[in-house]
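Working through the structure, step by step
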Amino acid sequence: MRIIFKTDYMQDLRPWKDGYQLSLYLILIALAVAAPFLIDVFFLGELTNVLIWALAGLGLMVLTGHTGQASLGHAAFLAMGCYANIILMEAGVPFMLAFPLAGIITGIVGMIVAIPALRLHGIYLAIATLAMSILVDDIIVLTDHWTGGVGGKFAPPVNVFGFMIDRWGTPTAFYYLTLGVTILVTLGYINLLRAPLGRSFIAVRDSEVSAQAMGIDVSRSKAISFGVSCAITGLAGALMGLFAGAFNNETFSVVISIQLLMMIVIGGLGSIHGAFFGAIVIGFLPQFLSISKEWVGALFGGSNVAIPGLEFGIFGVILIVFILFEPMGIYGRWLKIRTWFELFPFYRKDMFKRQKSYLKTERLR
Amino acid sequence: MSLLELENVTLKFGGLTAVDNLSFSVEQGEVFAIVGPNGAGKSTVFNLISRFYTPVNGKIRFDGHDLLKEKASSVANFGVARTFQNIELFEHATVLENLLVGRHRHRGSNFLTELFFTPSVRKQELQNRHFVEEVIDFLDLQAYREKRIAGLPYGVRKVVEVARALATDPKLLLLDEPASGLSVEETTDMRWWIDEIRRQMGITVLMVEHDMGLVSGVSDRVLAMADGARLALGTPSEVQSDPAVIEAYLGKAS
Ligand SMILES: Nc1ncnc2c1ncn2[C@@H]1O[C@H](COP(=O)(O)OP(=O)(O)OP(=O)(O)O)[C@@H](O)[C@H]1O
Ligand SMILES: [Mg+2]
């Protein structure tokens with residue numbers, strides 16, 4: 001077992017617990033940087049896709065995982081980021097400016113959306129955001145003058161520091177672009193979490209009344225959380241559009257919103273790791289599905305029968321299994337396995353059990 | 001001038017008058033207790049001071065400010081901290097994180113400086129950490145520093161809530177039944193801490209408590225309430241021997 005002796009306060013401020021953990025993260029980053037030399041183009045594309053999903057997951061994690069506000073409408077913000085980026089570029093704005101602007105615009109729209117959403121809690125908020133996702137789908141079709149409507153748009157190659165990057169021509173460069181953005185966003189996220197703002201998000205998530213009693217303006221924290229969440233999601237959307245090459249209103253359908261939410265639940269709510277674990281699951285789901293399709297097909301006699309809704313069926317089953325058996329997601333499972341090894345042979349089964357509160361909380365609201 | 005003044009405060013929940021034309025004031029540096037049977041409106045008085053509720057009439061002043069002009073999240077900024085009768089901690093965060101939330105009102109950073117974790121944010125966080133560590137030392141919470149609230153026993157949670165309130169560096173501390181559900185030893189600790197909070201830290205304490213031993217042990221003055229109104233106000237022994245109070249607790253001796 002590793003025992004960490006703390007000798008100064010900086011140890012709590014650093015994003016890593018000790019040298020061991022730091023070296024693990026550094027190895028991971030080194031592997032990510034070396035990936036183009038280790039794997040072929042197809043898998044590099046898959047990895048890029050996983051990173052973009054992880055970025056989108058980080059966006060939703062801010063709002064749902066850390067501030068406790070469920071959103072079933074984040075595909076709308078993916079779309080906003082994507083279209084904002086492309087439309088700005090078409091207007092002659094260079095990518096290096098259009099890309100962050102797309103994030104900022106989406107963030108501001110998110111904050112505006114937050115104003116009516118502030119009054120809603122839990123399932124009502126989820127329904128309202130779901131409605132918004134459907135609405136944005138329609139708006140894209142209606143404003144086809146700008147968005148290309150159902151016909152969609154094509155993503156041009158982008159210029160990053162003089163390098164022309166596009167997904168098919170220069171997959172390695174596109175991978176590095178995605179990796180760079182993901183790392184920067186993750187670092188910013190870590191910084192917020194160890195500062196007052198990130199703590200105010202967690203406070204709002206866990207108890208709005210005592211957050212207020214501690215001087216936190218709950219509405220303001222929620223609005224900022226919406227803004228940060230949507231800005232990150234907007235960046236992910238912009239990359240998603242570039243990665244897809246061509247997109248229309250259906251690229252960012254409600255299905256994507258649901259998938260995104262499922263992803264962070266499976267990965268583990270309330271942790272940055274969770275967004276990445278969830279993205280890996282989503283990224284490799286198609287492969288897994290094609291295998292299980294054959295398997296299910298064989299079970300019913302036919303070899304390659306198309307079963308409508310199978311993907312969602314399997315996805316739903318995975319989600320239900322997680323909610324029932326591992327509410328803390330893959331990250332929670334990972335923590336348990338790690339503790340098991342660290343404490344071997346002293347791990348107890350009830351170590352992660354939540355203690356029941358003795359008093360039934362009679363909340364103010 | 002008193003630190004906290006309530007003047008003719010009335011609050012109704014529908015037809016029920018939870019606080020009925022209540023006036024009292026708390027002086028700087030004292031421990032002031034509110035007692036009364038269940039449903040007397042004690043917690044409601046706290047929620048009024050915290051601005052969770054707005055009275056139908058009356059005034060609430062704290063340290064020269066008219067609290068009724070402020071919103072709930074500003075009350076802490078004036079130096080009022082509180083605990084809750086049913087414990088409202090941030091369940092999925094550690095003890096340390098809970099206490100650090102208490103430092104929120106001293107935030108000097110903004111979104112951008114925090115995003116880049118600039119040296120000034122670093123310095124602020126080190127100071128926060130230092131302050132919180134003193135509170136942890138004072139309340140003997142070292143063993144639980146890194147533990148999540150969700151796994152802590154009830155007695156520890158009660159102490160963590162007091163710690164979080166102290167972390168805000170308040171002028172006035174509102175404690176809603178600090179000893180309810182605590183064992184005899186834990187209650188003794190709590191009594192000692194309340195004494196120290198007043199004596200060493202110079203913080204004024206307003207508390208609601210049913211345990212008369214604790215009340216008469218630490219408080220300078222006691223307000224007895226029933227049905228939202230004032231029954232008696234005075235030293236602990238005066239209030240305990242007041243006929244109206246005895247009647248409220250034991251029912252009419254016919
Ligand atoms: N949010 C609310 N809505 C309606 N009625 C309420 C609300 N909060 C409290 N009450 C009522 O107001 C009265 C006073 O409640 P309060 O919680 O202040 O009592 P208390 O003196 O703290 O009692 P206890 O000793 O049980 O904590 C009770 O009759 C209670 O049912
Ligand atoms: Mg009460």
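The notes below deal with the structure included here. (Residues numbered from 1 in each chain as written. Chains lettered and ligands numbered in written order. Predicted model: local features only at pLDDT ≥ 70, side-chain atom pairs only at ≥ 80, totals over all residues. Heavy atoms only, no water.)

**Looking at the site of ligand 1**
Residues and elements named next belong to chain B. Near ligand 1 there are 14 residues, and of these N38, K42, S43, T44 and Q85 occur at the shortest range. Interatomic distance of 2.9 Å between a backbone N/O atom of G41 and an oxygen atom of ligand 1. Contacts to ligand 1 include E177, whose side-chain N or O atom sits 3.5 Å from an oxygen atom. When ligand 1 sits alone it has 630 Å² of accessible area, and the protein chains cover 65% of it. By residue class, the composition of the shell around ligand 1 is five nonpolar, seven polar and two charged. (Near = heavy atom within 4 Å. Polar contact = N/O pair within 3.5 Å; in protein donor to acceptor, adjacent residues only side chain to side chain. Areas by Shrake-Rupley, 256 points an atom, 1.4 Å probe, with all protein chains shown as cover. Nonpolar A, V, L, I, M, F, W, Y, C, P; charged D, E, K, R; others polar.)

**Section: the sheet that holds strand β5 (residues 65-66) of chain B**
Residues and elements named next belong to chain B. Here we have four strands laid out as an open sheet, ordered β2-β1-β4-β5, and antiparallel in their pairing. The open sheet has two free edges, formed respectively by β2 (16-26) and β5, since each of these has just one partner strand. Alignment of strand β1 (residues 4-13) against strand β4 (residues 57-62), held across five bridges, turns out to be antiparallel. Note on β4: the bridge partner recorded for T10 is N57. (Pairing = 2+ DSSP bridges. Helix = DSSP H or I, 4+ residues; strand = E, 2+ residues; numbered from the N terminus.)

**Some remarks on the sheet that holds strand β6 (residues 80-82) of chain B**
All names here are of chain B. Within the open sheet, the six strands sit side by side as β6-β7-β8-β3-β9-β10. Their pairing is mixed. In the strand order of this sheet, the two ends are held by β6 and β10 (229-234), each with one partner. Strand after strand, the sheet turns through a mean of 20° between neighbouring axes, direction not considered. Direction of pairing for β6 relative to strand β7 (residues 172-176): parallel, over a ladder of three bridges. Directly across from R82, in β7, lies its bridge partner L174. Here helix α6 (residues 154-167) sits on the sheet in contact with β6 and β7, set at roughly 160° to β7. Strands β3 (31-35), β7 and β8 (204-208) of the sheet are contacted by helix α7 (residues 184-199), whose axis makes an angle of about 150° with β8. (Axes fitted to C-alpha atoms, helices over the stretch in contact; angles between N-to-C directions. Contact = heavy atoms within 4.5 Å.)

**A short note on the pairing of β2 of chain B**
Residue and element names in this part refer to chain B. Where β1 meets β2, seven bridges bridge the pair, whose relative direction is antiparallel. Among the inter-strand pairings, V9 is bridged to a residue of β2, identified as L22. What sits between the antiparallel neighbours β1 and β2 is a turn of two residues, in which G14 has the positive phi angle 60°.

**Notes on the nonpolar core**
Here is a general trend for soluble globular proteins: nonpolar side chains tend to be buried in one another's company. Counting residues in each nonpolar core, the largest one holds 79 residues, and the members touching the most others are W53, L55, L58, L78, F95 and F252 of chain A. The dominant element in this core, judged by the number of residues it contributes, is helix α11 (residues 218-244) of chain A, at 13 residues. Once residues within four sequence positions are removed from consideration, L58 of chain A is found in contact with V185, T186, Y189, I232, I272, A275 and F276 of chain A. Counting 46 residues, the second largest nonpolar core, distinct from the first, contains I87, V95, L152 and V162 of chain B. (Core = buried A, V, L, I, M, F, W, Y, C linked by side-chain atoms within 4.5 Å. Buried < 20%, exposed > 50% of the residue type's maximum accessible area, 1.4 Å probe, protein only.)

**Focus: the pairing of β8 of chain B**
Both faces of the sheet carry side chains from a regular strand, because those side chains alternate between them. Residues and elements named next belong to chain B. For β8, the buried fraction is high: five of the five residues fall into the buried class. By the alternation rule, side chains of β8 split into T204, L206 and V208 and V205 and M207, which are all buried. The pairing of β3 with β8 spans four bridges and is parallel. If you follow I34 over to β8, its bridge partner there is V208.

**Comments concerning the pattern of salt bridges**
Residues and elements named next belong to chain A. In total, this model carries 18 salt bridges over all chains according to the counting rule given. Where D206 meets R205, a salt bridge forms, and the shortest distance between an N and an O atom there is 2.9 Å. Look at D206 and you get buried, because its relative accessible area is 8%. For K222, the salt bridge goes to E208, with nearest N and O atoms at 3.1 Å. With K222 in helix α11 and E208 in helix α10 (residues 208-213), this residue pair connects regions lying 14 residues apart in the sequence. (Salt bridge = Lys/Arg side-chain N within 4 Å of Asp/Glu carboxyl O.)

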